[in-house]
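So the chains spell out like this:
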Amino acid sequence: MRKRRLCKSILALTMAGAVAFAGAGTALADGPGGTPPEMPSGSAPGGTPPSGAPGGPGGSSGSSVTYSGVTTISAADTQSGQTYTSSAADESALLIDTSDAVTITDPTVTKTGDSDGGDNCNFYGLNAAVLAKGGGTTTITGGTITTSAEGANGVFSYGGNGAQNSTAGDGTTVKISDTKITTTGGGSGGIMTTGGGVTEAANLTVETSGRSSAAIRTDRGGGTVKVTKGTYTSNGLGSPAIYSTADITVNDATLVSNLSEGVCIEGKNSITLNNCDLTANNTDTNGNATFYDTIMIYQSMSGDADSGTSTFSMTGGSLTSKNGHVFYVTNTNAVIDLTGTKIVNEDSADVLISVCDDGWSGAGNIATLNATTQALKGNMLIGSDSTLNLNLSGSTFTGKTGGEITNAKGTSVSASIGTVNVVLYDDAVWTLTGDSTVTSISGTGKINYNGYALTVGSTRYTSGSPAEGISETTETPADPVYVYDGDSNSGTTDDGKTDSSTSEDGNSNHDTSDETAQVLQAVRFKNTKKTIKYKTVQKKAVSYSVIKASDGGKVTYKLTKGKKNYITVSKAGKVTVKKGAKKGSYTIKITVAAKGTYKKTTGTIKVVIK
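Residues numbered from 1 in each chain as written. Predicted model: local features only at pLDDT ≥ 70, side-chain atom pairs only at ≥ 80, totals over all residues. Heavy atoms only, no water.

Peer 1: Residues and numbers for the overall build of the protein, please.
Peer 2: Assigned secondary structure in the protein consists of two helices and 51 strands. For the protein, buried positions account for 57% of its 610 residues. In the protein, the proportion of contacts linking residues at least 24 apart, taken out of those at least 6 apart, comes to 67%. (Helix = DSSP H or I, 4+ residues; strand = E, 2+ residues; numbered from the N terminus. Buried < 20%, exposed > 50% of the residue type's maximum accessible area, 1.4 Å probe, protein only. Contact = heavy atoms within 4.5 Å.)

Pasting the structure below:
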């Protein structure tokens, strides 16, 4: 029997027998409340995992699934104000199977009729209310889509590559906006993408209530998902607001999970959140998981996601974790990038991040946390066989490190700390809240012992410099202030006021708490992250501006990350990457002097050469 995968395995209440598919046979997961299946041995992608790791792919191929729809569109078409209803098992209310363009406006879609198709629902879209496949572009605007059945995803974009991970799809694209999607059954996501499909969603209202029913959901074969605005809520067990086996970007949206993790990333996939408000209250565990957490990054070895680096990036917005650890990494190599996000941790244990073993094996537990213009607070727990790389730039960390870790069941997972490497760039400050241990510490930042001890390797420090370039401070710094206006044009002011200007896209950042903000503005930075091809800078220098020429006064700068002599910034705010610059990441702290109605402003610019 296939392992029931965390956050997404299909619910099997009262399901028995099997539905006939052409050449298909699928094992079902255990029902809710029962013991998750044992993790069988077998071959995972890329080789044979250690004993106890879950097996490889199960289910059928997409071409062997027998599809049906009450309404089937197989050529270019435009329909408006239509009602689509299905009450039969393994049947879609609206099946779109064409390489042509289809437009659906103000539909009313209702789907009942349970499926026991298992992975044919998860991977290939069987029983979805609306299924788009065949390589075309389907545009849906307005309307309502409702499902109340097992294995009945709301809107499914299947890219045609079935179980092939990291492979481009056949071109199937769903563009959906201003639609309300509600699902109540198990294995019933709101918007679902697999097999290399593409989904572009805007201003949706999505709510799911079943088990393994993420509001924004992906499965084997992944794809590309872009979401802008809207509200996405999940209420079921194993149902985060977002589940990623794909590349998912969400902008300016509200994300809520009322029982499970806020987001899950499995394997070599990514989630990027820009100016989003994410809230999670994870109070029950699913599958092999034994921790409560809000951001979970892991690899199940089920074959649903390639192994590799998992990436979570969050810029601006807020992250509210009501229960458990804010970040949790296990059985994968994860990179977490945080820039100017308000993090609220309501759990009494105050764990910001834990990196350790859990119910999966076959890979290491390695996390890299990069914080830029970011306030971090809480405990960082690193298991004895795990690694955390912490890089702070323009940021503060108020907390401690440790290795004693107990899961939600009260079982000890680790008794001693693993490998911890910390880099504090010149404007970063770490204030200890308890005795801490690191393997190495470097940079030119500051440390506030705050009455505690820091052990570096085997040397214990209670004062002074724990490493060359690191200085001691007794001052508690103010948390950095980051302003996000939707264009990544951001800056901070010396007095901590937010940017009161109006950006080019009409977004106002006025701080009504101080009337002087109506006159004094913070300089708006642009091009705060620039990626340049290595081949280009081997032939010529590359220059671009990071502020408007009329904004603010004289510009000064300091390179805080990367090799010197490759990047300069002019007094007018023009960044020049010199010919012959080496590959890597460069971080520049830029200060713009006060001028006229502009305050003195400091911002951070990143340049990546690859």
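Peer 1: If you had to explain empty space enclosed by the protein to someone new, which residues and values would you point to?
Peer 2: Throughout the structure, instances matching the rule amount to two cavities of 30 Å³ or more. Lining the second largest cavity are Tyr67, Ser68, Asp90, Glu91, Ser92, Leu95, Gly125, Leu126, Asn127 and Leu131. Of the residues belonging to the lining of the second largest cavity, the class tally is four nonpolar, four polar and two charged. (1 Å grid on protein atoms, 1.4 Å probe; cavity = no way out; pocket = protein on both sides within 12 Å on 5 of 7 lines; lining within 4 Å. Points joined across faces, edges and corners; volume = space filled by probe spheres on them. Nonpolar A, V, L, I, M, F, W, Y, C, P; charged D, E, K, R; others polar.)

Peer 1: Any chance you could break down the sheet that holds strand β46 (residues 542-545) for me, citing the residues and the numbers?
Peer 2: What the three strands build is an open sheet, ordered β46-β49-β48; its pairing is antiparallel. Both outer strands of the open sheet, β46 and β48 (567-569), are each paired with one neighbouring strand and no more. Sheet twist, expressed as the mean angle between neighbouring strand axes with direction ignored, is 15 degrees. Where β48 lies against strand β49 (residues 574-577), three bridges are found, and the strand directions are antiparallel. Looking across to β49, one finds that threonine 568 is bridged to threonine 576. (Pairing = 2+ DSSP bridges. Axes fitted to C-alpha atoms, helices over the stretch in contact; angles between N-to-C directions.)

Peer 1: Tell me about the pattern of salt bridges, and please be specific about residues and values.
Peer 2: Side chains carrying opposite charge are able to pair once their charged atoms draw close together. Counted according to the given criterion, the structure contains five salt bridges. Note that lysine 322 and glutamate 346 form a salt bridge whose closest N and O atoms lie 3.4 Å from each other. Remark: glutamate 346 occurs in the loop between β28 (342-345) and β29 (351-355) and lysine 322 occurs in the loop between β25 (318-321) and β26 (325-330); sequence separation between them is 24 residues. Lysine 322 gets classed as partly exposed once you look at its relative accessible area, which sits at 35%. (Salt bridge = Lys/Arg side-chain N within 4 Å of Asp/Glu carboxyl O.)

Peer 1: Outline the layout of surface pockets, listing residues and values.
Peer 2: Volume-wise, the second largest pocket comes out at about 370 Å³. Along the wall of the second largest pocket there are 23 residues; nearest its centre are Val351, Asn379, Leu381, Glu404 and Ile405. Secondary-structure elements contributing two or more residues to the lining of the second largest pocket are β31 (375-382), β33 (396-402), β34 (405-406) and β38 (436-438). At three residues, the largest contribution of residues to the lining of the second largest pocket is made by β33. Split into classes, the residues belonging to the lining of the second largest pocket amount to eight nonpolar, eleven polar and four charged.

Peer 1: Summarise the side chain of asparagine 389; cite the residues concerned and give the values.
Peer 2: Its place among the elements puts asparagine 389 in strand β32 (residues 386-393). Here asparagine 421 takes part through its side chain, which lies 3.0 Å from a polar atom of the side chain of asparagine 389. Discounting residues that sit within four places of it in the chain, asparagine 389 has contacts with Ala367, Thr368, Leu369 and Asn421. (Polar contact = N/O pair within 3.5 Å; in protein donor to acceptor, adjacent residues only side chain to side chain.)

Peer 1: Account for the packing of aromatic side chains, naming residues and giving values.
Peer 2: Overall, the coordinates contain six aromatic pairs when judged by the stated rule. Taking the centre distance of 5.7 Å and the plane angle of 85 degrees together, the rings of phenylalanine 123 and tyrosine 124 count as edge-to-face. Both residues of the pair, phenylalanine 123 and tyrosine 124, count as buried. For the pair phenylalanine 312 and phenylalanine 327, a centre-to-centre distance of 6.0 Å together with 65 degrees between the ring planes defines the contact as edge-to-face. Here phenylalanine 327 lies in strand β26 and phenylalanine 312 lies in strand β24 (residues 309-315), a separation of 15 residues in the sequence. On the basis of relative accessible area, phenylalanine 312 is assigned to the buried category, the value being 0%. Aromatic rings pair up to connect Phe123, Tyr124 and Tyr158 into one cluster. The residue whose ring lies beneath lysine 530 is tyrosine 544, and the NZ or CZ to ring-centre distance is 5.0 Å. (Phe/Tyr/Trp six-rings, centres within 6.5 Å; stacked < 30°, edge-to-face > 60°. Lys NZ or Arg CZ within 6 Å of the ring centre and 35° of its normal.)

Peer 1: A description of unusual backbone geometry should follow, citing residues and the corresponding values.
Peer 2: Backbone geometry at serine 212 places phi at a positive 55 degrees, although glycine is not the residue there. Considering the arrangement of structural elements, one finds serine 212 in the loop between β14 (197-208) and β15 (216-218). Among the residues examined, serine 212 registers a relative accessible area of 0% and is labelled buried. Even without being a glycine, aspartate 252 presents a positive backbone phi close to 55 degrees. Positionally, aspartate 252 belongs in the loop between β18 (247-251) and β19 (254-257).

Peer 1: If you had to explain a positive patch on the surface to someone new, which residues and values would you point to?
Peer 2: A cluster of basic side chains, namely Lys533, Lys535, Lys539 and Lys583, defines a positive patch on the protein surface. Along the polypeptide, lysine 583 turns up in the loop between β49 and β50 (584-592). (Patch = residues over 30% accessible without salt bridge, like charges linked within 9 Å, V, L, I, M, F, W, Y side chains within 5 Å. Areas by Shrake-Rupley, 256 points an atom, 1.4 Å probe, with all protein chains shown as cover. Lys, Arg positive; Asp, Glu negative; His and termini not counted. Charge placed at Lys NZ, Arg CZ, Asp CG, Glu CD.)

Peer 1: Describe the confidence of the model for the protein, with residues and values.
Peer 2: Per-residue pLDDT for the protein has a mean of 84; in total, 83% of the residues score no lower than 70. Below pLDDT 50 for its whole length, residues 1-59 participates in 157 contacts with residues either more than four positions away or in separate chains. Here residues 487-520 scores under 50 on pLDDT; set against residues more than four positions off or in separate chains, the count is 75 contacts. (pLDDT = per-residue confidence, 0-100.)

Peer 1: Can you break down the side chain of serine 436 residue by residue, with the values?
Peer 2: Examined against the element boundaries, serine 436 turns out to sit in strand β38. At a separation of 3.1 Å, a polar atom in the side chain of serine 436 contacts the main-chain amide nitrogen of threonine 401. A distance of 3.1 Å separates a polar atom in the side chain of serine 436 from the backbone oxygen of glycine 434. With residues near it in sequence (within four places) discarded, serine 436 still touches Gly399, Lys400, Thr401, Trp430, Ala453, Leu454 and Thr455.

Peer 1: Give me the sheet that holds strand β41 (residues 454-456): which residues, what numbers.
Peer 2: In spatial order, the strands read β38-β41-β42; together these three strands make up an open sheet with mixed pairing. Since the sheet does not close on itself, it has two edges, and those belong to β38 and β42 (459-461), each with one partner. Looking at each pair of strands side by side, their axes are set apart by 25 degrees on average, direction ignored.

Peer 1: With reference to specific residues and values, describe the pairing of β29.
Peer 2: The element β29 is extensively covered by neighbouring structure, given that five of its five residues are classed as buried. Sheet analysis places β26 next to β29, joined by three bridges and oriented parallel. If you follow tyrosine 328 over to β29, its bridge partner there is serine 354.

Peer 1: An account of the pairing of β14 is requested, with residue identities and associated values reported.
Peer 2: Here strand β11 (residues 173-177) pairs with β14 via five bridges, running parallel. When the bridges of β14 are listed, isoleucine 176 appears paired with alanine 201. Sheet analysis places strand β12 (residues 180-183) next to β14, joined by four bridges and oriented parallel. Bridge pairing in β14 links threonine 183 to threonine 208. Two elements, β14 and strand β16 (residues 223-234), share eleven bridges in a ladder whose sense is parallel. Along β16, the bridge assignment pairs glutamate 207 with threonine 233.

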